[in-house]
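Survey of secondary and tertiary structure
Listed below, chain by chain, are the residues.
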Amino acid sequence: MNNNDIKYNNPNANHINSIPNINNSNNNNNIHTVTIESIDLEGKGVTHIEGKTVFIDGALPDEVARIEIYKKKPNFDKARLIELITPSPHRITPECPNFGVCGGCSMQHLDFESQIHNKQKALLDNLKYIGQVTPLSVIPPLLGKPFAYRHRARLSVRHVAKKGGVLVGFHEKSSSFVADMNQCLILPNPISNLIPTLKTVIGKLSIYNKIPQIEVAVGDKVNVLVFRIMESLTSADELILQSFVDEHNAIMNNPLQLWLQPKGPDTCYPFYPLNAPKLDYILPQFDIEMPYLPTEFTQVNPTINAEMINLAISHLNPQSNEVIADFFCGIGNFTLPIAKYAKSVIGIEGSEQLVKRAQENAKHNNLENKTNYLAVNLFKIDSNWLNTLNKMATIPEISKTVSLVANKIDKWLIDPPRDGAAELISAITPDTAPSKIVYISCNPATLARDASVLVNVHGYTLTDAGVMNMFPHTSHVESIAVFEKTF
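Notes on the structure follow. Here the structure is a predicted model, which is why all the values come from computation and not from measurement. (Residues numbered from 1 in each chain as written. Predicted model: local features only at pLDDT ≥ 70, side-chain atom pairs only at ≥ 80, totals over all residues. Heavy atoms only, no water.)

Considerations on the overall build of the protein chain
When helices and strands are counted, the protein chain shows 10 helices and 25 strands. Relative to a compact globule of 487 residues, whose C-alpha radius of gyration would be 23 Å, the protein chain shows 25 Å and is just as compact. In terms of its C-alpha atoms, the protein chain occupies a principal-axis envelope of roughly 75 × 65 × 35 Å. Within the protein chain, buried positions represent 54% of all 487 residues. Within the protein chain, contacts between residues at least 6 apart in sequence are counted, and of these 63% link residues at least 24 apart. (Helix = DSSP H or I, 4+ residues; strand = E, 2+ residues; numbered from the N terminus. Rg over C-alpha atoms; globule rule 2.2 N^0.38 Å. Buried < 20%, exposed > 50% of the residue type's maximum accessible area, 1.4 Å probe, protein only. Contact = heavy atoms within 4.5 Å.)

In structure tokens, the structure reads:
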């Protein structure tokens, strides 16, 4: 796979990207010359041939290209780019040598500004065509930095004899194979630089073929690698790993700590060194410190996370006399900053482990008296549950009962997974409707679906919406939407 696999007729086409090997036979009836109409969220160009949608790997909007269809489906075809006749002015040379092979990034061949524009367009199009709603105002996008942004990752590990031994990295594009890589530009440099060493170190272990993955968690005071081990380490294995950590820590400012995970995430434990600093991240603008375990969910991009919290707080505008609900609260990423301003905050999360962590974080930041947490499956609630939540004088928690002096929750913050918050949105009644909802979304389609119900059923106004570039160079669209209701 290399840049010579594609022809460039335009002499100005000096910005190219890696394209898979293809069959250039002119006798192939599947070869067509087309103009690329748009780009989808997976970084594929989109065109139509005789009314049928065709997705083209590596093509960009407004490019004229020769393509070869390699897979036909009833409703669409897939094609390869084989000759770029007129390139897009927004095409750039990908900085990462793994681009085109690694499946971690799909849009490095498109300039950074255009990536943001496409994500913003995807959000607004989903709201318009799926949700039948349009925001009164579009929030300027949160850009972040293009590289070295990813502080959480899961690297795959495979021993492949044909490729010289152990591979460590992300999966290849549209494949279960592990990409043969020696660096990753979206990881912080200290972690990216460890990839060749990890390949060598794991190759020396007796269980070199029993380590399927490495979880990466980059904190403010320590970097953690969690080795998923299918068999126990030998004494010799332990010495190899300890030496690896000692050599690294002798030259790096941010220490490295290894954890081991023999089974599920709850079996994860620190291995070496045991006296390392605690894993955490700091929100200095709120004077909040958030400890967490390396297998617990946190946002991958700390820069965007901090800006996202600021943006959410500014739109939520919590007041000292208000009770606010934080649905899908996780470890308290939004709950604790809100608690700095509101009378009290109810954090609701499906995982009891995360609720326990959120309670510990509230106590760690001296906010336990302003926060209450519930472990509730928010995909199995209804209007009766929501009505009880609003009207009850006391809220039973896992370990205690905390008094709330309120008859109604004033505002909501919602940060659901990709499935959205359909059950929660549908449960709203006139008696339980908050005056404002700030909705953080990682899926514009489910956000649009929920926005439709909020606006067209419950009578809210979508006042603001915009994107937050949590995952640069990828198809992921993180967004924020603000809904207000006049009573």
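The discussion continues.
What to know about the packing of helix 1 (residues 112–129) against helix 10 (residues 444–456)
Relative orientation of the contacting elements helix 1 and helix 10 amounts to 35°, with a least axis distance of 8 Å. Helix-helix and strand crossings are classified by hand; for helix 1 and helix 10 the assignment is right-handed. Side by side, helix 1 and helix 10 meet where Leu123, Asn126 and Leu127 of the first sit next to Pro444, Ala445, Leu447, Ala448 and Ala451 of the second. Considering only residue class, the contact of helix 1 with helix 10 consists of 7 nonpolar, 1 polar and no charged. (Axes fitted to C-alpha atoms, helices over the stretch in contact; angles between N-to-C directions. Left-handed = near helix turned anticlockwise from the far one by under 90°. Nonpolar A, V, L, I, M, F, W, Y, C, P; charged D, E, K, R; others polar.)

Some remarks on the environment of Ala325
Mapped onto the elements of the fold, Ala325 is located in strand 17 (residues 323–327). Distance in space between the C-alpha atoms of Ala325 and Trp412 is 4.8 Å, their sequence separation being 87 residues. Leave out the neighbours within four places in its chain, and Ala325 touches Ile346, Ile409, Lys411, Trp412 and Leu413.

Observations concerning helix 3 (residues 195–204)
For helix 3, the complete set of buried residues consists of Ile195, Leu198, Lys199, Val201 and Ile202. Structurally, helix 3 contributes buried residues whose contacts are with strand 9 (152–160), strand 10 (165–169), helix 2 (189–192), strand 11 (213–218), strand 12 (223–228) and helix 4 (235–249).

Notes on the packing of helix 3 against helix 4
Each pair of packed helices can be summarised by the angle the axes make with each other and by the distance between the axes. Packing of helix 3 against helix 4 leaves a shortest axis separation of 9 Å and a crossing angle of 160°. In terms of orientation, helix 3 lies roughly antiparallel with respect to helix 4. The handedness of the crossing between helix 3 and helix 4 is right-handed. Residues Thr197, Leu198, Val201 and Lys204 of helix 3 form the contact with helix 4, whose own contacting residues are Ile240, Leu241 and Phe244. By residue class, the composition of the contact of helix 3 with helix 4 is 5 nonpolar, 1 polar and 1 charged. (Parallel < 35°, antiparallel > 145°, perpendicular 65-115°, else oblique.)

Side note on the packing of aromatic side chains
Taken as a whole and judged by the stated rule, the model has 6 aromatic pairs. Measuring from centroid to centroid gives 5.9 Å for Tyr281 and Tyr292, while their planes differ by 55°, and the two rings are tilted. Pair noted here: Tyr281 is in strand 15 (residues 280–283) and Tyr292 is in the loop between strand 16 (288–291) and helix 5 (302–316), with a separation of 11 residues, a long-range link. Relative accessible area serves as the criterion here: at 12%, Tyr281 is assigned to the buried category. (Phe/Tyr/Trp six-rings, centres within 6.5 Å; stacked < 30°, edge-to-face > 60°.)

Remarks on the side chain of Asn301
Counting through the fold element by element, Asn301 comes out in the loop between strand 16 and helix 5. Leave out the neighbours within four places in its chain, and Asn301 touches Tyr149, Asn469, Met470 and Pro472.

Remarks on unusual backbone geometry
For the bond running from Tyr272 to Pro273, omega is -10°, close enough to zero to count as cis. Note that Pro273 resides in the loop between strand 14 (269–272) and strand 15.

Let's talk about the sheet that holds strand 14
If you trace the 6 strands from one edge of the open sheet to the other, you get 10-9-11-12-13-14, paired in mixed fashion. Each edge of the open sheet is held by one strand with a lone partner, namely strand 10 and strand 14. Strand-to-strand, the axes of this sheet are offset by a mean angle of 30°, without reference to chain direction. Note that strand 12 and strand 13 (residues 256–261) share 6 bridges and pair parallel. Within the sheet, the bridge partner assigned to Arg228 lies in strand 13 and is Gln261. In the packing of helix 3 onto the sheet, contacts are made with strand 9, strand 10, strand 11 and strand 12, and the angle to strand 10 comes to roughly 140°. (Pairing = 2+ DSSP bridges.)

A look at the pairing of strand 11
The buried fraction of strand 11 is high, at 5 of 6 residues. The pairing of strand 9 with strand 11 spans 5 bridges and is antiparallel. Bridge pairing links Ser156 to Gln213 in strand 11. As paired elements, strand 11 and strand 12 share 6 bridges and run antiparallel to each other. Looking across to strand 12, one finds that Ile214 is bridged to Phe227. What sits between the antiparallel neighbours strand 11 and strand 12 is a turn of 4 residues.

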